[in-house]
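Chain by chain, the residues run as shown.
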Amino acid sequence: MNHMTDVTSQGLHVLTKPIGPICNLDCEYCFYLHKDQLYGGGERWRMSDETLEAYLRQTVEAQPDMVDEITFAWQGGEPTLMGVEFYERAVELQRKLVPANKRIQNTIQTNGVLLDDRWCEFLRANRFLVGLSIDGPAELHDRYRRDKQGRPTFEAVLRGLKLLEKHGVEYNLLIAVNRHNGDHGRRVYTYLRDNGAHFVQFIPIVERRAVGTNPVSSRSVQPEQFGDFLIEVFDEWIHRDVGRVYVQIIEEAVRAWLGLEPALCLFRRQCGRAIVLEHNGDLYSCDHFVDPNYKLGNIHDRPIIELANGDGQVRFGQDKEAALPEYCRQCDVRFVCNGECPKNRFIKTPDGDTSLNYLCAGYRKFFRHVDPTMRMIVDEIKQGRQAANVMHRLNAERRAKKKQVPYVSGPPGRNDPCPCGSGKKYKKCCMRR
């Protein structure tokens, strides 16, 4: 049965690229690298004040009354190339345009290379949430993330990270999982965790090839490799970091097992409410579909709300569910992944359908692996208890098994070693949380 929903009443997320695809790095796997070809070589790659004001005003007007926080999301290319002054103007305009009863949230995704004290003071003062791209320790990060001269970038990114921490800027770490670091899930995760990360997102690199027998590039993560990467992360997290580190895909899994709507568009039954604004006001259906076939129009000609609610964009969102192959509809973990992003649906199902997600085998492996633990976590949450109780229980069971003594249910004593494995007493560690 096809469960089509009325999306026109939902809130809109507009991902804005004020400098288009222009970047100060030359990462090999950047999917946005060749978008400059859309506009020709003579394009001036900077958002004008006129377009900035139109974007901010129309984004505010496009949000339903029940939305109490309006998010402005900045990306690139490298959005810090616009300079602090551009965002100072943006914040000033936001304060004039956003109603007093609504909160303002700004997010910015950056490679971190240009961050300095002035940038971080601004980000902190205006409560920006920063997404910082880093692919693990130096030897893993620098394999594909190089500057225009081919030099490694890890040290510059790490310097940016330390500046964010120094100034108390809220940040997430964005890790691109590729063929090179994809065999090192635990190593990548523990390195970032041990360096202070509390919020991490893992983004699979899938570069589709138009010709050849292999459908993806040699840089692309392999399906089961991605699943194994996530399993390594989960197995480390569940024994040490529940309640301390937030891993986006694990949070999405918890939501799914609770029966809640996914927060990420790629796991929703339908998409289409996360649209992309280019520097000149052109609006596109999705960050991964910025090409002429998916151009909705320009916000100087028609407002964002009209373009987003037009028939073409509504169909774009509905097609995600309508085109789901029967193989996926019968899958036991469909309720959590929903076929993932349409951009990755280009391999064949066992019965020959050509719209299976390239990462299907990896997602199935991961979600089936976490299923028993997810059920335990959901039970704790529904009983009004902390999800970290599952961590304590699993650690206690593991210790009892290792010592070959019966496991006794119940929390540890105040002065017992903390079950999370930190080496601290329970009262000095997880008991406080």
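Above this text you will find the structure in question.
Here the residue index of a chain counts from 1 through its sequence in written order. Local features in this predicted model are restricted to residues of pLDDT 70 or higher, and side-chain atom pairs are both shown and tallied only at a pLDDT of 80 or more, whereas totals for entire chains, interfaces and linings draw on every residue. To get the side-chain values, take all heavy atoms of the structure and skip hydrogens and water.

### With respect to the sheet that holds strand β9 (residues 282–284)
Item 1. Paired strands, in this sense, are two strands between which DSSP finds at least two bridges. Helical segments are the DSSP runs of H or I of at least four residues, strand segments are the runs of E of at least two, and each set is numbered from the N terminus. With mixed pairing, the ten strands of this open sheet are ordered in space as β7-β6-β5-β4-β3-β2-β1-β8-β9-β10. Lying at the two open borders of the sheet, with one neighbouring strand each, are β7 (246–247) and β10 (295–298).
Item 2. In terms of strand pairing, strand β8 (residues 274–277) meets β9 through two bridges, oriented antiparallel. The residue bridging leucine 277 from the neighbouring strand is leucine 283, located in β9.

### Quick look at the nonpolar core
Item 1. Counting 102 residues, the largest nonpolar core has Trp74, Leu123, Leu173, Phe202, Trp237, Val247 and Phe367 as its most contacted members.
Item 2. Sorting elements by how many residues they give to this core places helix α7 (residues 223–240) first, with eight residues.
Item 3. Should any heavy atoms of two residues lie within 4.5 Å, those residues are considered in contact. Residues in contact with valine 247, not counting those within four places in the same chain, are Tyr189, Val200, Phe202, Val233 and Trp237. To form a nonpolar core, buried Ala, Val, Leu, Ile, Met, Phe, Trp, Tyr and Cys residues must be joined to one another through side-chain atoms within 4.5 Å. In this scheme, a residue with accessible area under 20% of its type's maximum is buried, one over 50% is exposed, and one in between is partly exposed, where area comes from a 1.4 Å probe on protein chains only.

### Notes on the side chain of arginine 273
Item 1. Relative to the elements of secondary structure, arginine 273 occurs in the loop between α8 (248–257) and β8.
Item 2. Given the relative accessible area of 8%, arginine 273 is considered buried.

### Re the packing of helix α1 (residues 49–62) against helix α2 (residues 84–97)
Axes are the key here: two packed helices are described by the angle between their axes and the distance separating the axes.
Item 1. Close contact between α1 and α2 brings their axes to 10 Å; oriented N to C, the two are set at 40 degrees. In this structure, the crossing between α1 and α2 has a hand that is right-handed. Only Phe86, Arg89, Ala90, Leu93, Gln94 and Leu97 of α2 make contact with α1, whose side of the interface consists of Asp49, Leu52, Glu53, Leu56, Arg57 and Val60.
Item 2. Taken together, the residues of the contact of α1 with α2 break down into seven nonpolar, one polar and four charged. Working convention: axes come from line fits to C-alpha atoms, limited for helices to the stretch in contact. Angles between N-to-C directions cover 0 to 180 degrees. Crossing handedness: left-handed means the near helix sits turned counterclockwise from the far one by under a right angle, and right-handed means the same turn made clockwise. For this classification, the nonpolar set comprises Ala, Val, Leu, Ile, Met, Phe, Trp, Tyr, Cys and Pro, the charged set comprises Asp, Glu, Lys and Arg, and every other residue, Gly included, is treated as polar.

### Looking at the state of the cysteines
Item 1. In this description, the term disulfide denotes a pair of cysteine sulfurs within 2.5 Å. Tallying each qualifying case throughout the model produces zero disulfides.
Item 2. Among the cysteines around cysteine 328, which has no disulfide bond, cysteine 360 carries the closest sulfur, lying 5.6 Å off.
Item 3. Cysteine 328 gets classed as buried once you look at its relative accessible area, which sits at 9%.
Item 4. Free cysteine cysteine 337: the closest other cysteine sulfur is in cysteine 328, separated by 6.5 Å.

### Considerations on a positive patch on the surface
Item 1. Only residues whose relative accessible area exceeds 30% and that form no salt bridge are eligible for patches; like-charged ones are grouped when within 9 Å, while nonpolar side chains (Val, Leu, Ile, Met, Phe, Trp, Tyr) are grouped when within 5 Å. What sets the accessible areas is the Shrake-Rupley method with a 1.4 Å probe; for residues, cover comes only from the shown protein chains. When a carboxyl oxygen of Asp or Glu lies within 4 Å of a side-chain nitrogen of Lys or Arg, that pair is called a salt bridge. Positive charges come from Lys and Arg alone, negative charges from Asp and Glu alone, with His and the N- and C-terminal ends not counted. One atom stands in for each charge, and that atom is NZ of Lys, CZ of Arg, CG of Asp or CD of Glu. On the surface, Arg398, Arg399, Lys402 and Lys403 cluster together into a patch of positive charge.
Item 2. Structurally, the position occupied by arginine 398 is in helix α14 (residues 388–403).
Item 3. By relative accessible area, which is 47% here, arginine 398 ends up partly exposed.

### Brief notes about the packing of helix α3 (residues 117–125) against helix α5 (residues 154–166)
Item 1. It is at 9 Å that the axes of α3 and α5 come closest, and there the two elements cross at 45 degrees. In terms of axis orientation, α3 runs oblique to α5. α3 and α5 meet at a crossing whose hand is right-handed. Mapping the contact onto sequence places Asp117, Cys120 and Leu123 in α3 and Leu163, Leu164 and Lys166 in α5.
Item 2. For the contact of α3 with α5, the class distribution of residues is four nonpolar, no polar and two charged. Here the angle decides the label: under 35 degrees means roughly parallel, over 145 means roughly antiparallel, 65 to 115 means roughly perpendicular, and every other value means oblique.

### What about the pattern of salt bridges?
Item 1. The tally for this structure, following the rule as stated, stands at 30 salt bridges.
Item 2. In this structure, glutamate 380 and arginine 385 form a salt bridge, with 2.9 Å as the shortest nitrogen-oxygen distance.
Item 3. Looking at glutamate 380, the relative accessible area reads 4%, which means it is buried.
Item 4. In this structure, a network of salt bridges that share partners links the residues Arg186, Arg193, Asp194, Glu236, Asp241 and Arg244.

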